[in-house]
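So the chains spell out like this:
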Protein chains: 2
Amino acid sequence: MSRYVSSIAKLISKLGSLPGIGHKTAQRLAFHILNMDPAAARALAEAIIEAKERVHLCARCCDLTDREVCEICSDESRDHTKICVVESPSDVIAMERTREYRGLYHVLHGAISPMENIGPEDIHLRDLLQRLQSSPEVDEIILANNATVEGEATANYIARLVRPSGINCSRIAHGIPFGSSLEYADEVTLGRAIEGRTLLL
Amino acid sequence: MSRYVSSIAKLISKLGSLPGIGHKTAQRLAFHILNMDPAAARALAEAIIEAKERVHLCARCCDLTDREVCEICSDESRDHTKICVVESPSDVIAMERTREYRGLYHVLHGAISPMENIGPEDIHLRDLLQRLQSSPEVDEIILANNATVEGEATANYIARLVRPSGINCSRIAHGIPFGSSLEYADEVTLGRAIEGRTLLL
């Protein structure tokens, strides 16, 4: 039943191809856009084009940036001896929000996943190794890959590659989320929490 | 904490201004768009601009269309003696999906709402009255306004205006949704279901 005007149908299908946007939401968004001020709709479209044109990967850390080297990599006040390895640019934002970490990042843009045919050469791993070779100041790699099977495998893989060069590899802690009670934790999380216990001094 | 690249921040803010899209979803969509094929991202942006440029209101029923008169209004096989009054273009699509109705539509683009300062002159009501004057074939107005306080008030207001001209005004039935049990119906719906009971013959 596609009695939509073709340009509306096209807009709905384009919006519906975005992640987490089903047909109903796409329809609601399309009608909202059609109701918008023409200048606002154009601004939305231009924001998409502009972001696509300006943004590329940082030559050092592979995070998204509109400069040659991103703001974090070129910030001399940060700790250049530590590199936190994450899977995606949104993980960098999540880490920055904690205000706990003042080192640098490396964005892999994915995780090794044999199931999805993603091998070590499909993520930005080679860039990390090259970067380590040309950055003798780095003394620690913090592996903040996601706590999934793929993330774990990738973290272990990187640790195996990096350790021979004498650089420390650490993995962020996994355990009970802060503010949560044991009762609601799944057994894998709880198992990790016990495994990763720390001595109270 | 806005360490975003400015063009990413702009895209996130534009996406976040859409209905039902919060900051987190906007961020996820933005990163998805940045990961998209450049041609696909451009196609999305162009779909927005094209829909905005091509689509306008049908000269007769005020539904969205890219022609002078929309497909439904210009379809001679439909029943031109009935006009179903709805609040929005998405209601037309919902009605069409039932395949129960073969008449015409009139889209008000809203409902009278004194609380939000929306009066009869702010919705496409005058167009409906003018249309009725120039369409002597119309013998019934089906009021399919939403089952909200505003929708009810608008339906009653239209009925009061139209009835003197001898055209029948009907209101769609309100009651228990099909497939649902009485237990879960709220008291207003159940009250409407009793009020609107029909004799079994």
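Conventions we followed
- All residue numbers refer to positions counted from 1 along the written sequence of the respective chain.
- To label them, take the chains in the order written and letter them from A, then take the ligands in the order written and number them from 1.
- Restriction of local features to residues with pLDDT of at least 70 applies here, the model being predicted, together with a cutoff of 80 or more for giving and counting side-chain atom pairs; totals for whole chains, interfaces and linings are based on all residues.
- Hydrogens and water molecules were not included; the side-chain quantities draw on all heavy atoms of the structure.
- We call two strands paired when DSSP finds no fewer than two bridges between them.
- Helix numbering and strand numbering both begin at the N terminus, where a helix is a DSSP run of H or I of at least 4 residues and a strand a DSSP run of E of at least 2.
- Convention used here: a crossover is right-handed provided that the path from the first strand, over the helix, to the second strand proceeds clockwise when the strands point away from the viewer.
- Any two residues whose heavy atoms approach within 4.5 Å at even a single point are treated as in contact.
- Note on definitions: buried area is the accessible-area loss of two parts on being combined, 1.4 Å probe, summed for both.
- The term salt bridge refers to a side-chain nitrogen of Lys or Arg lying within 4 Å of a carboxyl oxygen of Asp or Glu.
- Stacked, edge-to-face and tilted are the three classes for Phe, Tyr and Trp ring pairs, Trp counted by its six-membered ring, which pair at centre distances within 6.5 Å; planes under 30 degrees apart are stacked, over 60 edge-to-face, the rest tilted.
- Exposed residues in this analysis have more than 50% of their type's maximum accessible area, buried residues have under 20%, and partly exposed residues fall in between, with area computed by a 1.4 Å probe over protein chains only.
- Axis definition: a line fit to C-alpha positions, over the contact stretch in the case of helices; interaxial angles, taken between N-to-C directions, run 0 to 180 degrees.

Undergrad: Got a minute to help me understand the pairing of strand 3 (residues 79-86) of chain A in this structure?
TA: Residue and element names in this part refer to chain A. Relative to strand 4 (residues 103-107), strand 3 is paired through five bridges, and the arrangement is parallel. Note on strand 4: the bridge partner recorded for I83 is L104. What joins strand 3 to strand 4 is helix 4 (residues 89-98), and the crossover it makes is right-handed. Inspection of the sheet shows strand 3 paired to strand 5 (residues 140-143) by four bridges, in the parallel sense. Within strand 5, the residue paired with I83 across the bridge is I141.

Undergrad: Just to check I follow, could you spell out the interface of chain B and chain A for this structure?
TA: It is common to give the size of an interface as the accessible area that goes away when the parts come together. Between chain B and chain A, the contact holds 54 residues from the first and 54 residues from the second. Here chain B packs against chain A, burying approximately 5000 Å² in sum over the two surfaces, 69% of which is carbon and sulfur. The shortest N-O distance in the salt bridge between K10(B) and E50(A) comes to 2.8 Å. Looking at the side of chain B that touches chain A, the elements with two or more residues in it are helix 1 (6-16), helix 2 (23-35), helix 3 (38-54), strand 2 (64-65) and helix 4 (89-98) of chain B. A per-element tally of the side of chain B that touches chain A places helix 3 of chain B first, with 14 residues.

Undergrad: Which parts of the structure should I look at to understand the packing of aromatic side chains?
TA: Any aromatic ring pair is given by two values, namely how distant the centres are and how the planes are angled relative to each other. Residues and elements named next belong to chain A. Summed over the entire model, instances satisfying the criterion amount to two aromatic pairs over all chains. When the centroid spacing of 5.3 Å and the interplanar angle of 65° are considered together, the rings of Y101 and Y105 count as edge-to-face. With respect to burial, Y101 and Y105 carry one shared label: buried.

Undergrad: Would you mind showing me how to read unusual backbone geometry here?
TA: Leaving glycine out, the prevailing phi sign among residues is negative, and the prevailing peptide bond configuration is trans. Residues and elements named next belong to chain B. We note that R99 has phi near 55°; this positive angle belongs to a residue other than glycine. Summarising the element assignment, R99 is placed in the loop between helix 4 and strand 4 (103-107). With a phi close to 65°, N117 is a non-glycine residue in the positive phi region. Topologically, N117 is positioned in the loop between strand 4 and helix 5 (125-133).

Undergrad: What am I meant to see in the sheet that holds strand 4 of chain A here?
TA: Strands belonging to one sheet form pairs held by backbone hydrogen bonds; the direction of such a pair is parallel or antiparallel. All names here are of chain A. Judged by pairing direction, the sheet is parallel, and its four strands sit side by side in the order 4-3-5-6 without closing on themselves. With partners counted over all chains shown, the strands left at the sheet margins are strand 4 and strand 6 (168-171), one partner each. Put simply, the sheet's adjacent strands are angled 25° from each other on average, direction ignored. Where strand 5 lies against strand 6, four bridges are found, and the strand directions are parallel.

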